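Working through the structure, step by step
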Amino acid sequence: MKKSSFQESINHLRAYLQINTAHPHPDYSSAISLLTNFASSVPNLKAQTLHFTPNKTKPLLLLTLPGSNSSLTSILLNSHIDSVPAETSKWSHPPFSAHYAPDGKIFARGAQDDKCIGIQYLEAIKNLATNQEHGFKPVRTVHVSFVPDEEVGGFDGMAKFVESNEFKELNVGFVLDEGQASPVEEYRVFYADRSPWHVVIKAVGEPGHGARMYDNSALENLMKSVEMISKFRESQFDMVKAGLAANSEVISVNPVYLKAGIASTEGFVMNMQPSEAEAGFDVRMPPTADPELVRRKISQEWAPAWRNMSYQITEKGPLRDYMGKPLLTHPDESNPWWSVLKQAIEAAGEKLNAKAEILGSTTDARFMRQMGIPAFGFSPMKNTPILLHDHDEFLVDTVFMEGIKVYESIIKSLSSYIGA
Ligand SMILES: CSCC[C@H](NC=O)C(=O)O
Ligand SMILES: [Zn+2]
Ligand SMILES: [Zn+2]
């Protein structure tokens, strides 16, 4: 076996990006075939496809490189196979063509989030295996997981996986999952995610003629709530604007839909005040936020029954770990994995942002942190604009290749660390 050339590595990435794994109909089976096929070119890398749903439509690919000391915990490198959808007409190139521009940019949905890291893990392991005289023999076992459904909450993917016997048997001691691009030279590491709630508030009220002014219409009730919510949002955002907190360190509340009005085939009826109205909000809480405070705010201020309001909170995953502690992995010397990771990145000649961050959005790492397993978010993309979930998501070829080198150093260091 020989190491992939620059062009071969790029081809691997592009082939993966060309498989449309966007919701609502991700083509998981083609992706798994491609990855399994690639994995079979790496000696000693064993592949198994796991299923945690009865109809087997959400496969999870688990690759394993056995270590020499099976009494030590293993390392898990995770990425998700699925992507968010793309509005094709708003892109400069078709989002599943993986257009390779002369300046090195590869345009595709998933280029940053997060198919890049999946291929980089494999390329790095392959390079390690090729560079060593007798093949790469890690001390700790290294697992690479490709999971379904992260973008829709991970409930049929990582959430089920961490609960399974298969997972327990892996005896995972440390996890790397996705992070986010860095617009500057320093790489970024994430030690926590924000926990998401989907909050729907509903108002009912007096119906009536559109010309009449009266109290207690459904939309008036809803709009009062929207005002209160906007004030809270502003108070959080003001802390960010004043430089007192990062965006991901405050509670965000963003309106995501509004539903009201009497519809007819001609559009909305303009002279009727409806008796029902509803709005949806994406709420994200940093790990140290008090969810009970937010719950009280919702029931007493944002959707009080006395204003004819009701609400529904859908908690999208855990808020605390199995010990009741905030879901975070300490990015300091108290956590030996932090030092190993940091030193491995620096050993590759790269720089790390001095401050580890909370990720503004949410990843599958929360399910592993819930189990008490330390997990950092890291996607080695430097000097790269943050384009996840955006139009024209791209990654530059040389940035992708540098990321492979960094993972080689990281995988070598993590898998040979015997302290923890
Ligand atoms: C509600 S959990 C969904 C997870 C998703 N992850 C990435 O964008 C997110 O919205 O952050
Ligand atoms: Zn992602
Ligand atoms: Zn995403």
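This structure is a prediction, so every number in the text was calculated from the model and none was measured.

What follows concerns the side chain of Glu123. Relative to the assigned elements, Glu123 resides in helix H3 (residues 115-131). The buried charged residue Glu123 lacks any salt bridge partner; its closest oppositely charged side chain belongs to Lys126, at an N-O distance of 5.7 Å. Setting aside residues no more than four positions away along its own chain, Glu123 makes contact with Ser4, Ser9, His12, Phe38 and Ile404.

So, about the domain arrangement of the chain. For the chain, the assigned domains read domain 1 (6-189 + 331-416) and domain 2 (195-315). Residue-level contacts link 7 residues of domain 1 with 6 residues of domain 2. Buried area between domain 1 and domain 2, summed over both chains or domains, comes out near 510 Å², and the portion from carbon and sulfur atoms is 56%. Per-residue buried area on domain 1 facing domain 2 is highest for Ile358, Gly360 and Thr362; these three make up 75% of the total on that side. Between domain 1 and domain 2 we count 1 salt bridge in total. When the shortest N-O distance is used, the salt bridge between Lys355 and Glu249 registers 3.4 Å. Inspection of the region where domain 1 meets domain 2 yields 3 residue pairs in polar contact (both at pLDDT 80 or more). Residue composition of the side of domain 1 that touches domain 2, grouped by class: 2 nonpolar, 3 polar and 2 charged.

Looking at the largest pocket, its volume works out to about 690 Å³. The set of elements that each furnish at least two residues to the lining of the largest pocket consists of strand S9 (195-204), strand S15 (276-285) and strand S17 (357-359). With 3 residues, the top contributor of residues to the lining of the largest pocket is S17. Classifying every residue of the lining of the largest pocket by side-chain character gives 8 nonpolar, 11 polar and 12 charged.

Attention now goes to the UniProt feature "binding site: Zn(2+) 1" (unreviewed entry) in the chain. The positions that UniProt labels "binding site: Zn(2+) 1" (unreviewed entry) are, in the present scheme, His80, Asp113 and Glu178. For the residues just named, distributed over 99 residues, the greatest C-alpha separation is only 8.5 Å, placing them together at one site. Residues from the annotated list that form part of the lining of the largest pocket: Asp113 and Glu178. Along the chain, the position of His80 falls in strand S3 (residues 74-80).

Right, let's talk about the coordination of the zinc ion (ligand 2) for a bit. Distances from the zinc ion (ligand 2) to its protein donors, His80 (NE2), Asp113 (OD), Glu178 (OE) and Glu178 (OE), fall at 1.9 to 2.5 Å. Around the zinc ion (ligand 2) sit 4 donor atoms; with metal-centred angles ranging over 56 to 154°, the donor geometry is irregular. Here the donor residues of the zinc ion (ligand 2) share one chain and are spaced in sequence as H-x32-D-x64-E. A spacing of 3.4 Å is found between the zinc ion (ligand 2) and the zinc ion (ligand 3), which share Asp113 as a donor. Within this pair, whereas Asp113 is found in the loop between strand S5 (105-107) and H3, its partner Glu178 is found in the loop between strand S7 (172-177) and strand S8 (190-193), the two being separated by 65 residues in sequence. The pair Asp113 / Glu178 is uniform in exposure class, with both members buried.

A few words now on the sheet that holds strand S11 (residues 252-260). If you trace the 4 strands from one edge of the open sheet to the other, you get S11-S15-S9-S16, paired in antiparallel fashion. In the strand order of this sheet, the two ends are held by S11 and strand S16 (309-315), each with one partner. In this sheet, adjacent strand axes meet at a mean angle of 20° when their direction is disregarded. Of the strand pairs in this sheet, S9 and S15 are connected by 10 bridges, and their pairing is antiparallel. Looking across to S15, one finds that Ser195 is bridged to Met285.

A word on the nonpolar core. By size, the foremost hydrophobic cluster in this structure holds 70 residues, and its most contacted members are Leu176 and Ile410. Not counting chain neighbours up to four residues away, the residues in contact with Leu176 comprise Leu76, Leu77, Asn78, Tyr121, Leu341, Phe376, Phe378, Tyr407, Ile410 and Leu414. By size, the runner-up hydrophobic cluster in this structure holds 23 residues, among which are Ile251, Ala289, Ile298 and Trp302.

As a further point, take the pattern of salt bridges. All told, the structure shown has 19 salt bridges when counted by the stated rule. Taking the shortest distance from any N to any O, the salt bridge between Lys382 and Glu350 comes out at 2.7 Å. In this pair, Lys382 sits in the loop between strand S18 (375-377) and strand S19 (394-396) while Glu350 sits in the loop between helix H8 (336-347) and S17, placing the two residues 32 residues apart along the sequence. Salt bridges sharing common partners tie together Lys58, Asp149, Asp156 and Lys160.

For the rest of this paragraph, the subject is the coordination of the zinc ion (ligand 3). Summarising the metal site, the zinc ion (ligand 3) is bound by the protein donors Asp113 (OD), Glu151 (OE), Glu151 (OE) and His389 (NE2), whose distances to it range over 2.0 to 2.5 Å. Of note, the zinc ion (ligand 3) draws all its donor residues from one chain, in the sequence arrangement D-x37-E-x237-H.

With respect to the element layout, Ser68 can be found in the loop between strand S2 (59-65) and S3. Measuring from C-alpha to C-alpha, the distance between Ser68 and Asn383 comes to 37 Å, with 315 residues separating the pair along the chain. Ignoring anything within four residues of it in the chain, the contact list for Ser68 reads Lys137, Pro138 and Val139.

Time to look at the site of ligand 1. Residues in close proximity to ligand 1 include Glu150, Glu151, Gly153, Pro196, His198, Arg284, Lys316, Ser361, Thr362, Arg366 and His389, which together make up its full environment. Residue Glu151 places a side-chain N or O atom 3.2 Å away from an oxygen atom belonging to ligand 1. One nitrogen or oxygen atom from the side chain of Arg284 is found 2.7 Å from an oxygen atom belonging to ligand 1. If ligand 1 stood free it would expose 320 Å²; the protein chains cover 89% of that surface. Assessed atom by atom at 2 Å from the grid points, ligand 1 resides in the largest pocket. Of the residues that constitute the shell around ligand 1, the class distribution is 1 nonpolar, 5 polar and 5 charged.

Parameters at a glance
Residues numbered from 1 in each chain as written. Chains lettered and ligands numbered in written order. Predicted model: local features only at pLDDT ≥ 70, side-chain atom pairs only at ≥ 80, totals over all residues. Heavy atoms only, no water. Helix = DSSP H or I, 4+ residues; strand = E, 2+ residues; numbered from the N terminus. Buried < 20%, exposed > 50% of the residue type's maximum accessible area, 1.4 Å probe, protein only. Lys, Arg positive; Asp, Glu negative; His and termini not counted. Salt bridge = Lys/Arg side-chain N within 4 Å of Asp/Glu carboxyl O. Contact = heavy atoms within 4.5 Å. Domains from an automatic or database assignment. Buried area = accessible area lost by both parts, 1.4 Å probe. Polar contact = N/O pair within 3.5 Å; in protein donor to acceptor, adjacent residues only side chain to side chain. Nonpolar A, V, L, I, M, F, W, Y, C, P; charged D, E, K, R; others polar. 1 Å grid on protein atoms, 1.4 Å probe; cavity = no way out; pocket = protein on both sides within 12 Å on 5 of 7 lines; lining within 4 Å. Points joined across faces, edges and corners; volume = space filled by probe spheres on them. UniProt positions renumbered as here; feature names shortened; annotations may be inferred. Donors = N, O, S within 2.8 Å, 3.2 Å for Na, K, Ca; no water. Tetrahedral: all angles 85-135°; square planar, octahedral: opposite > 155°, others 65-115°. Pairing = 2+ DSSP bridges. Axes fitted to C-alpha atoms, helices over the stretch in contact; angles between N-to-C directions. Core = buried A, V, L, I, M, F, W, Y, C linked by side-chain atoms within 4.5 Å. Near = heavy atom within 4 Å. Areas by Shrake-Rupley, 256 points an atom, 1.4 Å probe, with all protein chains shown as cover. Sits in = over half its atoms within 2 Å of the grid points.

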